[in-house]
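Now for the letters of each chain:
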Amino acid sequence: MSVTSSGSATQSGALEGSNAKRGLWSSRLAFVLAATGSAVGLGNIWKFPYVTGENGGGAFVLVYLLCIAIVGIPIMMAEVMIGRRGGHSPVNSLRLITERDGLKPAWKLVGAIGVLAGFLILSFYSVIGGWAISYVGTTASGQLAGQSADAVGAIFSGLLSNPTTLLAWHTLFMGLVMLVVARGVRSGLERAVSILMPALFLLLLIVVGYAMTTGHFGQAVAFLFQPDFTKLTTSGVLVALGHAFFTLSLGMAVMMAYGSYLPKNISIAKTSITVSVIDTGVALLAGLAIFPIVFANGLEPSAGPGLIFQTLPLAFGQMPMGTLFGTLFFVLLIFAAWTSGISLLEPIVEWLEEQKGMNRAVSTLAAGIVCWTLGIASILSLNLWADFAPLGFIPMLEGKTIFDLLDFFTANILLPLGGLLVALFAGWVMSRQAMENELSLSPAMFNLWFVTIRFIAPIAVAVVFIYNLL
Ligand code: TRP
């Protein structure tokens, strides 16, 4: 991690022997970069457009934005705050805070949910990261130039139908993630984020520019921003909530881990809002880039997980210098996915080191191999097991492949549950005085946050859960 290891970094509010020894982020920027690197990833560019398409557009986007604002941002602040207060890895931070306040250490559960969610998410995340790697070659070879929607669709189906190719790319992606985590060196990567994220943003803008020329930009804007509530289902609301957690990397204590390195004098609210705004901006831009292409080519918004791989190649095949821009785009997408993948594996490895006393290389290898193996089930869901819906007898899970189930169970259940526990911990367990110190907000702003974290966020999550289970 990009932390300064100067021993002089002491924190008045932190627990003894914690942050002082572990070093702190060199600056607010370093934290924002790491947190943004974790948050901005496949969730923004691959997942947001396709779940929006599947859930009818505008009304779904509105609910998603509300979830970011009233559940996501307050919970991100809580995670960062707990991390900084505890000054240790998430499990130990929660334990220390509870012990010091004389409370039951039942909060280990948050750490356990984090480790489980990390395993499950990374297993399929890496498969999709593999798709992105594969598309660097597809684009660079120039074979997309001037292709029709059918031809581009056929290239994508060709990739999905081939388990060996998918396995090769999945292996490469996992290898890249494991390499960085095993070496424990993040500083180079964080510097890379400060160049590559703006570059990705710029390329998205270029695609949006192209999308404006398709003649269907207005239709896309209407689709994304004109809410039609007849198209929104209760399960759509659950997907919007789950995606808010997924895209902000919340609910599995990643931001807690990062917060433990944040210097005391830095505003938790400002940094959390910055990260969330950047993350949301990238997602909305991806939507504006993709939907004009969808409508211009008569494609289905609800095409599912392949949506960006069936639309962006069309744009790159038609725009001037498309081969160059397309190649660059997929390289940058890999980087965005890579920094997110690292933040999924890192907490598992830290947990193995701390709880099981393994060294970093062994922990990384063990955790990586488990994720990689599990990834094979997602790969097979795309071809040989495409019709296998193991939990299809449950109405809500009808027709869902193993890949769909992993996505559903992690994003829509585990992460909101982890987030709910964090909200309850901050809202009901932690000392109010300590939180006022950590957040150092004006009394009005603190109360706004406190009411949200104590009542609004937990009730919102609970209501969405209950409606979906009934
Ligand atoms: N936020 C990332 C994305 O949108 C995915 C991710 C990385 C994540 N780390 C996480 C999701 C931790 C949940 C928890 O692509």
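Conventions used here
Residues numbered from 1 in each chain as written. Predicted model: local features only at pLDDT ≥ 70, side-chain atom pairs only at ≥ 80, totals over all residues. Heavy atoms only, no water. UniProt positions renumbered as here; feature names shortened; annotations may be inferred. Helix = DSSP H or I, 4+ residues; strand = E, 2+ residues; numbered from the N terminus. Rg over C-alpha atoms; globule rule 2.2 N^0.38 Å. Buried < 20%, exposed > 50% of the residue type's maximum accessible area, 1.4 Å probe, protein only. Contact = heavy atoms within 4.5 Å. Areas by Shrake-Rupley, 256 points an atom, 1.4 Å probe, with all protein chains shown as cover. 1 Å grid on protein atoms, 1.4 Å probe; cavity = no way out; pocket = protein on both sides within 12 Å on 5 of 7 lines; lining within 4 Å. Points joined across faces, edges and corners; volume = space filled by probe spheres on them. Nonpolar A, V, L, I, M, F, W, Y, C, P; charged D, E, K, R; others polar. Near = heavy atom within 4 Å. Polar contact = N/O pair within 3.5 Å; in protein donor to acceptor, adjacent residues only side chain to side chain. Sits in = over half its atoms within 2 Å of the grid points. pLDDT = per-residue confidence, 0-100. Salt bridge = Lys/Arg side-chain N within 4 Å of Asp/Glu carboxyl O. Core = buried A, V, L, I, M, F, W, Y, C linked by side-chain atoms within 4.5 Å. Axes fitted to C-alpha atoms, helices over the stretch in contact; angles between N-to-C directions. Parallel < 35°, antiparallel > 145°, perpendicular 65-115°, else oblique. Left-handed = near helix turned anticlockwise from the far one by under 90°.

As recorded by an unreviewed UniProt entry, the protein carries the name Transporter and is attributed to Marinobacter halophilus. The UniProt entry for the protein carries the following text under Sequence similarities (unreviewed entry): "Belongs to the sodium:neurotransmitter symporter (SNF) (TC 2.A.22) family."

**Digging into the overall build of the protein**
When its secondary structure is counted, the protein shows 19 helices and two strands. Relative to its length of 470 residues, the protein is compact, with a C-alpha radius of gyration of 22 Å against a globular reference of 23 Å. Once the C-alpha set of the protein is aligned to its principal axes, its extents read approximately 65 × 45 × 45 Å. Burial analysis of the protein (470 residues in total) assigns 59% to the buried set. Sequence separation of at least 24 residues holds for 80% of the intrachain contacts in the protein that already meet a minimum separation of 6. When the accessible surface of the protein is split by element, carbon and sulfur atoms take 67% of a total near 17,400 Å².

**So, the layout of surface pockets**
Counted as a void, the largest pocket has a volume near 400 Å³. Around the largest pocket sit 16 residues that line it, and Glu54, Asn55, Val239, Lys400 and Phe408 are the ones nearest its centre. Partitioned by chemical class, the residues of the lining of the largest pocket number six nonpolar, four polar and six charged. Taken as a whole, the second largest pocket encloses approximately 220 Å³ of empty space. Every residue along the wall of the second largest pocket is listed here: Ala69, Ile70, Ile73, Pro74, Met77, Ala269, Ile273, Leu441, Met445, Leu448, Trp449 and Thr452. Among the secondary structure elements, those contributing two or more residues to the lining of the second largest pocket are α4 (58–86), α13 (268–296) and α19 (443–469). Among the elements that take part in the lining of the second largest pocket, α4 stands out by supplying five residues, more than any other. Within the lining of the second largest pocket, the residues separate by chemical class into eleven nonpolar, one polar and no charged.

**Remarks on the site of the ligand**
Close to the ligand lie 16 residues, the nearest being Gly43, Tyr125, Phe246, Ser249 and Ser343. Between the ligand and Ser343 there is a distance of 2.9 Å, counted from a nitrogen atom to a side-chain nitrogen or oxygen. Notes on the ligand: free accessible area 360 Å², of which the protein chains cover 100%. The site holding the ligand turns out to be the largest cavity. Of all the secondary-structure elements, those providing two or more residues to the shell around the ligand are α2 (28–39), α3 (42–54), α11 (234–247) and α15 (322–356).

**Here's the deal with the side chain of Glu79**
Note on placement: Glu79 falls in helix α4. A relative accessible area of 0% means that Glu79 is categorised as buried. Those residues in contact with Glu79 that lie beyond four places of it in its chain are Leu250, Gly251, Met252, Ala253, Val254, Met255, Met256 and Val422.

**Quick notes on the environment of Leu374**
By the secondary structure assignment, Leu374 is in helix α16 (residues 360–381). When its relative accessible area of 30% is taken as the criterion, Leu374 is described as partly exposed. Not counting chain neighbours up to four residues away, the residues in contact with Leu374 comprise Phe119, Leu120 and Ser123.

**Concerning the confidence of the model for the protein**
When pLDDT is averaged along the protein, the result is 90; 92% of the residues meet or exceed 70. Every residue in residues 1–20 is under pLDDT 50, and counting partners more than four places away or in other chains gives 57 contacts.

**As for empty space enclosed by the protein**
Taken as a whole, this structure holds five cavities of 30 Å³ or more when the rule is applied. Here the largest cavity is characterised by a volume of approximately 150 Å³. Lining of the largest cavity is provided by 19 residues; of these, Ser38, Ile121, Phe246, Ser249 and Leu344 occupy positions nearest its centre. For the lining of the largest cavity, the secondary structure elements donating two or more residues are α2, α3, α6 (108–140), α11 and α15.

**Here we look at unusual backbone geometry**
Most of the time, phi is negative for any residue but glycine, and the peptide bond is trans. Within the chain, Ser249 stands out as a residue other than glycine whose phi angle is a positive 60 degrees. For Ser249, the position within the fold is in the loop between α11 and α12 (254–259). For Ala253, which is not a glycine, the phi torsion comes out positive at approximately 65 degrees. Position of Ala253 among the secondary structure elements: in the loop between α11 and α12. On the basis of relative accessible area, Ala253 is assigned to the buried category, the value being 3%.

**With respect to the pattern of salt bridges**
Applying the stated criterion to the full structure yields six salt bridges. Residues Asp407 and Lys47 are paired through a salt bridge, measuring 2.9 Å at the closest nitrogen-oxygen approach. Remark: Lys47 occurs in helix α3 and Asp407 occurs in helix α17 (residues 402–429); sequence separation between them is 360 residues. For Asp407, a relative accessible area of 13% corresponds to the buried category. Residues Arg84 and Glu438 are paired through a salt bridge, measuring 2.7 Å at the closest nitrogen-oxygen approach. Here the residue Arg84 occupies a position in helix α4, and Glu438 occupies one in helix α18 (residues 432–439), the gap between them amounting to 354 residues. Judged by its relative accessible area of 1%, Arg84 falls in the buried class. One salt-bridge network, held together by shared partners, links Arg84, Lys264 and Glu438.

**Structural notes on the side chain of Thr36**
With respect to the helices and strands, Thr36 occurs in helix α2. A distance of 2.5 Å separates the side chain of Thr36 from the backbone oxygen of Val32, its partner in a polar contact. Discounting residues that sit within four places of it in the chain, Thr36 has contacts with Met197, Val275 and Ile278.

**Observations concerning the nonpolar core**
Residues Trp131, Phe329 and Trp449 are the most contacted members of the largest nonpolar core, which totals 164 residues. Ignoring anything within four residues of it in the chain, the contact list for Trp449 reads Pro74, Met77, Ala78, Met81, Ala426, Met435 and Leu439.

**Considerations on the packing of α6 against α15**
Remark: α6 packs on α15, axes separated minimally by 8 Å, with the N-to-C direction vectors making an angle of 155 degrees. Taken together, the axes of α6 and α15 lie roughly antiparallel to each other. Handedness of the crossing formed by α6 with α15: left-handed. Its residues placed into classes, the contact of α6 with α15 shows 19 nonpolar, nine polar and one charged.

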